[in-house]
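Reading the structure
What follows is each chain in one-letter form.
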Amino acid sequence: SNNSNNINTQTTLLIGGSNGTATLISILCDKSNPRNAGHVVRVATRSAAKYLESDGGGDDTTDGTTGGRRPRTWRCHEKKHLSDVVSSDLLPVKLVEHVGRPDGVFVYDQEDGTAGGTAGGTAVDSNHEHDRGQDIAATLSPLETAISGIGSHDNGGVADLIVLCCPVSAHLALLRRVARALYRLDQWGLLGHGAGTDATRMGSHSNRLPPILIGSLYGAGGFDWMSRIAFLKERPAGFSGQWRRPLGLFCLKAFPYLTKSLKAGEVTLHGRYPQIQAAVSPSNAAVRRRAKVLLDRLLQNEETGKKLEFLGLSGKEELGGDGTCADEELVWRDSMKAIDSHIGAASSIYTANSARNAVMMMAAQSRHHATGKSGASSSAVTASVPPPILLSQSNHLGNAATQSHQQPRPPPSPLLDLLTTPTLSDAADPSSALAFLTCTLNSTNQILHPCILVALFRNPTHPHLSDADGTISWNPNRELTPLPRFYADGAAKPEAGRLITAIAGGEMYFVIDALERLMCPRGYDPITALHGGEPVGRRVMNFLGNSPHDLGERSGLTDFVLRREWRRMFGGVEDEENDYPTSSNATNNSNASNDRQQAYGAKPNLIRREGLLSKLMSYGLSHNARLNAVLSPCIVVQPSQQYKFESSFNTASATNANDNDNNNNNNNKTLEEGTILIKPDTSTRFFSDDLQHGLCIYLGLAELLGFDLERDMKVTLYVVRRLQRWMGKEFVLPDSRDDHHANANGKGAGKVKLVAHAKDVAETSAPQAFGVETIGDLKRFLELDVFGERRTERAEGCLMQSGLISKL
């Protein structure tokens, strides 16, 4: 908490030029809000024109890399609805204005983001003690300057929080930039690690500082997968295998804002997402506490009253975890307010003392937590008076400048044992891979947007016209909007509701239920507990008996996957015909096989009240006050191309040139005045994010699980095939009846794999894009460190240098 006498400090770096960046600048840099005091906000972007004033006039807020141009001031017009859960124009809406300008803007190079356009920059002697002067600043790229703070004109020091504000399709590219910068800064000792750190030994951190948190406001598309790939790809040969300054990874399950900017310097915030849920790695109490402090301030949770919830095995019981995070929240809620108020920039908000006291409090009150969860009184848990052991240490909290140099003293046993013992949930998933998987598989946009695109861009009069590239007609005069509204017009179409319900309430559930059974420890369900994305819809689906567990059981697909896993673990002859007869293997003259085929997989009426749910889906999306102003991603076709394209279609059967001319004239006359032809803009995130890094992941995972995609994922497959045709891509094979596509793509003969054998699968985030083609492959991939550390190699190196090995 901030006040006039004691201000918590934080340095946040926003990377990317999205509307989310503009929104956060307006809110966090608004100096009229006292909560923003002490918060340094930097922006690293390629969009110089968007975030820098064009008239120059630099002052002390410029960063030295922008030619003296001043950071642009942004104005945010926020619509505050009475409820973020159910927003409606019929309910009161409060208009609030935020005005802010970032403390520094750093424009990185489009090709490689390094100084002077070179990949490596100027070499620096890592053994030399730098004075962080002008010579050092000159060797750093703009992104490295933004992270380290060296050469910037603010006093924020090393960034505490690095946030990617960008489309999902840009995650990998930006993570590679960040990885390159961090590897170089770590090598030079410019990330703020303690003096005298010996990075050649395991676990040697002197004056260990808290981790720099790196993450995204939207964790779809396998954000932790992309981090593993980026840090592995960019890892230099000389990397010791361990970071001198620890790092932490995070992502949010849902983008927190619905925002739109049509003019540089102005952005409209139509609403905020009702829930803020995050995945954090590594999975431990210290990193979660640091993430909560930093993200609460980033997302203004104290002001809005929202609470950050952590996902994964350690999450709350209602989120599919074991309640570890709920216990930690009880500990921190009241007693740690006094500690947080004394922690500033010098200790990077979180110190070893506060971590120690937090765990001691958890240990001292663990019995009360258990009692409270069993229904007994829990007043001791929520008491505002700290336990005696915390009060005895309060004289060591001092000011921020002296706090960072104090050495914490271990508490007495048995608290020492409890302090250093991880929970079972943290030990079972130390990198929170399941929490990130929850964000990847329960994102709503990747279901909604593709289905609405298919329904909206359909020409009922000339279906072949829209089949080719999505071209439809639109009359702005009659419809009263220049282009179709994506939700108000697109989601209102019955087909949109049917497609969304079939995927989000059926095929998606087949995948997440079966995958969770194989990936999660028994008794946990962190993925399926958050099915559907929205809390209201989730309750409705559960009430109707349409949960992922219900659909997995009724379809028989989860049972099929478990049978395959049994054969892998205990041995046995492959008998896919009996376990799960695929449509390509089933024989028409075998009644038994046909019976088995009907018993397994997707079939009609699996989703209870499917028709009603489809109608409710269409109505709810098309009447959402926060969404109704969003226009469709369209390209207006030129009139000459309109008439030529439509006329050639209508007269395709004509053989006489004169008849063609007459038909063309007649067709042109039949077009209503003011009508234009439009087609979807396939370069937008509605395609790149939600198709390549959304639905393609589901199809890839279904293929890993052994599903028959043509039957069990037929609606998802239909949507992907239709949209990829508009894009001119092949993310899945267009036909599975023979293997000529696989052979043409160089995949070789054998069983056709619709995802793995597709020509453009490498442009997606499907597991097959990075060599994962079995569940075993996926588990081994998730064992890799998200930041490229080599724990096994370092352990083996220490072993090989030991005295025992040297004697062998």
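Quick summary incoming for the structure in this document. Here the structure is a predicted model, which means the values were calculated and not measured. (Residues numbered from 1 in each chain as written. Predicted model: local features only at pLDDT ≥ 70, side-chain atom pairs only at ≥ 80, totals over all residues. Heavy atoms only, no water.)

Across its full length, the chain holds 37 helices and 17 strands. The long-range share in the chain, meaning contacts at least 24 apart out of those at least 6 apart in sequence, stands at 76%. Carbon and sulfur atoms make up 52% of the accessible area of the chain, which amounts to about 35,400 Å² in all. (Helix = DSSP H or I, 4+ residues; strand = E, 2+ residues; numbered from the N terminus. Contact = heavy atoms within 4.5 Å. Areas by Shrake-Rupley, 256 points an atom, 1.4 Å probe, with all protein chains shown as cover.)

Let us now look at the environment of serine 432. Along the chain, the position of serine 432 falls in the loop between α16 (424–428) and α17 (433–441). Since its relative accessible area comes to 5%, serine 432 is described here as buried. Along the sequence, serine 432 and valine 280 sit 152 residues apart, while their C-alpha atoms lie 6.5 Å from each other. Not counting the four nearest positions on each side in its chain, serine 432 is found in contact with Val280, Ser281 and Ser283. (Buried < 20%, exposed > 50% of the residue type's maximum accessible area, 1.4 Å probe, protein only.)

Moving on, we come to the environment of arginine 790. Relative to the assigned elements, arginine 790 resides in the loop between α35 (775–782) and α36 (791–800). With a relative accessible area of 21%, arginine 790 lands in the partly exposed category. Through-space distance from the C-alpha of arginine 790 to that of glutamine 242 is 6.8 Å; in sequence the pair is 548 residues apart. Discounting residues that sit within four places of it in the chain, arginine 790 has contacts with Arg235, Phe239 and Gly241.

We now examine unusual backbone geometry. For the bond from serine 281 to proline 282, the omega torsion is 0°, close enough to zero to count as cis. As for its placement among the helices and strands, proline 282 is situated in the loop between β13 (276–281) and α7 (285–298). You will see that glutamine 300, though not glycine, has its phi angle at about 60°, which is positive. Examined against the element boundaries, glutamine 300 turns out to sit in the loop between α7 and α8 (301–304). Positive phi, normally seen in glycine, also occurs at arginine 609, with a value near 55°. With respect to the element layout, arginine 609 can be found in the loop between α27 (591–599) and α28 (610–622). Arginine 609 gets classed as exposed once you look at its relative accessible area, which sits at 56%.

Under the counting rule described, the total for this entry stands at 14 aromatic pairs. Ring centres of phenylalanine 255 and tyrosine 257 lie 6.3 Å apart, and the angle between their planes is 85°; on these two criteria the pair is classed as edge-to-face. Relative accessible area serves as the criterion here: at 6%, tyrosine 257 is assigned to the buried category. Between phenylalanine 770 and phenylalanine 781 the ring centres are 4.9 Å apart and the planes differ by 35°, which places this aromatic pair in the tilted class. With phenylalanine 770 in the loop between α34 (740–744) and α35 and phenylalanine 781 in helix α35, this pair connects stretches of sequence that are 11 residues apart. Through successive ring pairs, a cluster of aromatic residues spans Tyr183, Phe231, Phe239, Trp243 and Phe787. In this structure, arginine 228 is placed above the aromatic ring of phenylalanine 781, and the distance from its NZ or CZ to the ring centre is 5.8 Å. (Phe/Tyr/Trp six-rings, centres within 6.5 Å; stacked < 30°, edge-to-face > 60°. Lys NZ or Arg CZ within 6 Å of the ring centre and 35° of its normal.)

On to the pattern of salt bridges, then. Between side chains of opposite charge, a pair can form when the charged atoms approach closely. Overall, the coordinates contain 31 salt bridges when judged by the stated rule. Its salt-bridge partner being arginine 791, residue glutamate 789 comes within 3.6 Å of it at the nearest N-O pair. One salt-bridge network, held together by shared partners, links Arg176, Arg180 and Glu234. (Salt bridge = Lys/Arg side-chain N within 4 Å of Asp/Glu carboxyl O.)

Turning our eyes to something else, we now look at the state of the cysteines. Applying the stated criterion across every chain yields a total of 0 disulfides. As a non-bridged cysteine, cysteine 166 has cysteine 165 as the owner of its nearest cysteine sulfur, 7.5 Å distant. (Disulfide = S-S within 2.5 Å.)

Moving on: the environment of asparagine 542. Locating asparagine 542 in the fold gives a position in helix α23 (residues 535–543). On the basis of relative accessibility, which here comes to 41%, the residue asparagine 542 falls in the partly exposed class. C-alpha separation for the pair asparagine 542 and histidine 531, spaced 11 residues apart in sequence, amounts to 9.7 Å.

The next subject is the sheet that holds strand β2 (residues 39–45). Pairing is mixed across the open sheet formed by 8 strands, whose spatial order is β7-β2-β1-β8-β9-β10-β13-β14. Across the chains shown, the open sheet's two edge strands, defined by having one partner strand only, are β7 (104–107) and β14 (308–310). Direction aside, the axes of adjacent strands within the sheet are offset by 25° on average. Of the pairings in the sheet, the one linking β13 to β14 comprises 3 bridges and is parallel in character. (Pairing = 2+ DSSP bridges. Axes fitted to C-alpha atoms, helices over the stretch in contact; angles between N-to-C directions.)

Ordered by their spatial adjacency, 4 strands build an open sheet running β6-β5-β12-β11, and the pairing between neighbours is mixed. Two strands lie at the open edges of the sheet, namely β6 (93–100) and β11 (257–263), each paired on one side alone. Taking the axes of each pair of neighbouring strands and ignoring which way they run, one obtains an average angle of 20° across the sheet. For strand β5 (residues 74–81) and strand β12 (residues 266–272), the ladder comprises 4 bridges, and the chain directions are parallel. Along β12, the bridge assignment pairs histidine 77 with threonine 268.

This brings us to the packing of helix α22 (residues 494–519) against α35. In contact at an axis separation of 11 Å, α22 and α35 are set at 60° when each is read in the N-to-C sense. Compared by their axis directions, α22 and α35 come out oblique. The handedness of the crossing between α22 and α35 comes out as right-handed. Mapping the contact onto sequence places Leu515, Leu518 and Met519 in α22 and Ile775, Leu778, Lys779 and Leu782 in α35. For the contact of α22 with α35, a count of residues per class yields 6 nonpolar, no polar and 1 charged. (Parallel < 35°, antiparallel > 145°, perpendicular 65-115°, else oblique. Left-handed = near helix turned anticlockwise from the far one by under 90°. Nonpolar A, V, L, I, M, F, W, Y, C, P; charged D, E, K, R; others polar.)

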